[in-house]
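# Survey of secondary and tertiary structure
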Protein chains: 2
Amino acid sequence: MLTLYYAPATCALASHIALECAGAAYDTRRLDFGKQEQRSAEYLRINPKGRVPALVTERGVITETPAVLMYIAQAHPQAKLAPLQDAFQLAKVNEFNSYLCATVHVAHAHKRRGARWSDDAGAHESMRAKVPQNMGECFALIERDLLRGPWVLGDGFSICDPYLFTLSSWLEADGVDIARFPKVADHYARMQQDARVKKVLAQHTA
Amino acid sequence: MLTLYYAPATCALASHIALECAGAAYDTRRLDFGKQEQRSAEYLRINPKGRVPALVTERGVITETPAVLMYIAQAHPQAKLAPLQDAFQLAKVNEFNSYLCATVHVAHAHKRRGARWSDDAGAHESMRAKVPQNMGECFALIERDLLRGPWVLGDGFSICDPYLFTLSSWLEADGVDIARFPKVADHYARMQQDARVKKVLAQHTA
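The rules behind these values
Residues numbered from 1 in each chain as written. Chains lettered and ligands numbered in written order. Predicted model: local features only at pLDDT ≥ 70, side-chain atom pairs only at ≥ 80, totals over all residues. Heavy atoms only, no water. Helix = DSSP H or I, 4+ residues; strand = E, 2+ residues; numbered from the N terminus. Rg over C-alpha atoms; globule rule 2.2 N^0.38 Å. Contact = heavy atoms within 4.5 Å. Areas by Shrake-Rupley, 256 points an atom, 1.4 Å probe, with all protein chains shown as cover. Lys, Arg positive; Asp, Glu negative; His and termini not counted. Charge placed at Lys NZ, Arg CZ, Asp CG, Glu CD. Buried area = accessible area lost by both parts, 1.4 Å probe. Salt bridge = Lys/Arg side-chain N within 4 Å of Asp/Glu carboxyl O. Polar contact = N/O pair within 3.5 Å; in protein donor to acceptor, adjacent residues only side chain to side chain. Nonpolar A, V, L, I, M, F, W, Y, C, P; charged D, E, K, R; others polar. Buried < 20%, exposed > 50% of the residue type's maximum accessible area, 1.4 Å probe, protein only. Core = buried A, V, L, I, M, F, W, Y, C linked by side-chain atoms within 4.5 Å. Pairing = 2+ DSSP bridges. Right-handed = clockwise from strand over helix to strand, strands pointing away. Patch = residues over 30% accessible without salt bridge, like charges linked within 9 Å, V, L, I, M, F, W, Y side chains within 5 Å. Axes fitted to C-alpha atoms, helices over the stretch in contact; angles between N-to-C directions.

### Observations concerning the overall build of chain A
A count of helices and strands for chain A gives eight helices and four strands. The C-alpha radius of gyration of chain A comes to 17 Å, within 12% of the 17 Å expected for a compact globule of 206 residues. Counting only C-alpha atoms, chain A reaches 50 × 45 × 35 Å along its principal axes. Within chain A, contacts between residues separated by at least 24 positions form 64% of all contacts whose residues are at least 6 apart in sequence. Accessible area of chain A: about 8600 Å², with a carbon and sulfur share of 50%. Charged side chains in chain A number 24 positive and 22 negative. The centres of these two groups are separated by 3 Å.

### A word on the interface of chain B and chain A
With 44 residues of chain B in contact, the opposing surface of chain A contributes 44 residues. Approximately 3600 Å² of surface area, both sides summed, lies buried where chain B meets chain A, with 59% of it carried by carbon and sulfur atoms. Along the contact surface separating chain B from chain A lie four salt bridges. Note that R59 of chain A and D86 of chain B form a salt bridge whose closest N and O atoms lie 2.9 Å from each other. Inspection of the region where chain B meets chain A yields 13 residue pairs in polar contact (both at pLDDT 80 or more). Going through the elements one at a time, β4 (60–63), α3 (65–75), α4 (87–109) and α5 (121–146) of chain B are the ones with two or more residues in the side of chain B that touches chain A. Ranked by residues supplied to the side of chain B that touches chain A, first place goes to α4 of chain B with 13 residues. Its residues assigned to classes, the side of chain B that touches chain A shows 20 nonpolar, twelve polar and twelve charged.

### Quick look at the pattern of salt bridges
All names here are of chain A. Enumeration over the complete set of coordinates arrives at 22 salt bridges over all chains. Across the pair E64 and K49 runs a salt bridge, and its minimum N-O distance is 2.7 Å. With E64 in the loop between β4 (60–63) and α3 (65–75) and K49 in the loop between α2 (41–46) and β3 (54–57), this residue pair connects regions lying 15 residues apart in the sequence. A single burial state applies to E64 and to K49, both of which are buried.

### A look at the nonpolar core
With 140 residues, the main nonpolar core has F139 and I142 of chain A together with F139 and I142 of chain B as its most contacted residues. With residues up to four places along the chain from it excluded, the contact list for F139 of chain B reads V104, L164, L167, S168, L171, F181 and V184 of chain B. Judged by nonpolar contacts, the second largest core, of ten residues, contains V106, A109, W117 and M127 of chain B.

### Section: the pairing of strand β1 (residues 2–6) of chain B
All names here are of chain B. Most of β1 sits out of view: five of its five residues are buried. The alternating pattern of β1 places L2, L4 and Y6 on one face and T3 and Y5 on the opposite face, and all of these are buried. In this sheet, strand β2 (residues 26–30) lies alongside β1 in parallel orientation, the contact comprising five bridges. Bridge assignment links Y5 to a residue of β2, and that residue is R29. Handedness of the crossover joining β1 and β2 through helix α1 (residues 12–22): right-handed. Looking at chain direction, β1 and strand β3 (residues 54–57) are connected through three bridges and run antiparallel. Residue pairing for β3: T3 is matched across the bridge by V56.

### Overview of a positive patch on the surface
All names here are of chain A. A cluster of basic residues, R39, R51, R112 and R113, forms a positive patch at the surface. Assignment of secondary structure puts R113 in the loop between α4 (87–109) and α5 (121–146). Look at R113 and you get partly exposed, because its relative accessible area is 36%.

### Considering the sheet that holds β1 of chain B
The strand order across the open sheet built from four strands is β2-β1-β3-β4 (chain B), with neighbouring strands paired in mixed fashion. In the strand order of this sheet, the two ends are held by β2 and β4 of chain B, each with one partner. Along the sheet, successive strands turn relative to each other by an average axial angle of 20°, direction set aside. Sheet strands in contact with α4 of chain A are β3 and β4 of chain B, and its direction is about 40° off that of β4 of chain B. Helix-sheet contacts for α1 of chain B involve β1, β2 and β3 of chain B, and the interaxial angle to β1 of chain B is about 155°.

### Concerning the sheet that holds strand β2 (residues 26–30) of chain A
The mixed open sheet is built from four strands, whose spatial order is β2-β1-β3-β4 (chain A). Every other strand in the sheet has two partners, leaving β2 and β4 of chain A as the edge strands with one partner each. Across this sheet, the average inter-strand angle for adjacent strands is 20°, counted without regard to direction. With respect to the sheet, α4 of chain B is in contact with β3 and β4 of chain A, its orientation differing from that of β4 of chain A by roughly 40°.

Worth remembering: the numbers are spatial, not functional.
What follows is the structure, encoded as structure tokens:
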């Protein structure tokens, strides 16, 4: 049994959808960021970084979305969520997920997490102001160069798809009109219609 | 034959050391960031992100350090640079490299790349001021929770080691005394003595 620690409206959504798509045996624990539960002594013993997601396995805890996603794919090979036998295609999965993790998510985080990188309130305001531009540029690159369509890797659904869906879901609040990116918008709409995605979203918004 | 595009004093150092440790058949192309060669039309056809590293393979280009490192390990299994047959241990590799990529490298980047996230010069100054604190906190976590010793994964050298070495090499310029972190300092010193690392560093500093 796997246990996923998550909070609503965070990148943990990607791992939750991936578990559902893998047909995994799992349960979940919800953290209330409003109550700073991610900073509790109990949770810091699970993930000393105080972030989500954290996936508790029989052998230990896995953190960081790209690592959690790849573990889910490898632990459920019958679900075919990654091209595990093809080193080059697997590198393209890792490349895509690294870009979302280290560039796109970071661009987004400058809206509300500016205190991570500056102690100056004016600086936070200037970071917030640039988020629409940066998120727009990231998604322009995704639209033009990375999303092959209909799924990220082309014909095959993979762990890249719930991750892209999760970050796409942040665009509206980040001041970016998803309609500027037709392939991304189509991908997002198809994901929204997926019964497994609907099930997970219902839990997150409950 | 693999071709690595790199620039000195960037995270491409990790991929270069990994190629050397893998015994790979490869050559390199050096970009001059001072001349903005990473923004040339020729290079943007290779990597539209305008960053390094980029690894050109027979099947296409791979970017993003965690993806390049894992590809090098998978393409050279005899070098045993990753626990390829163990999904949990491989997840720990991905977790470590994702943390370096999305948190530690990003913390460092706020020293000289603040213009990515704000258009205000005062904000850049406040970001620079916080870099020693953030890099110090990242390496305190690495020292306490992530670096098992003597290598990142414990007894086995892996692709995590050249990546940690690369980011450790930034500490002094980031205003952090590596001596605060005895295990990291020991790891850094051992890596510096490795003949393969010396060979790569000599090329980067030439």
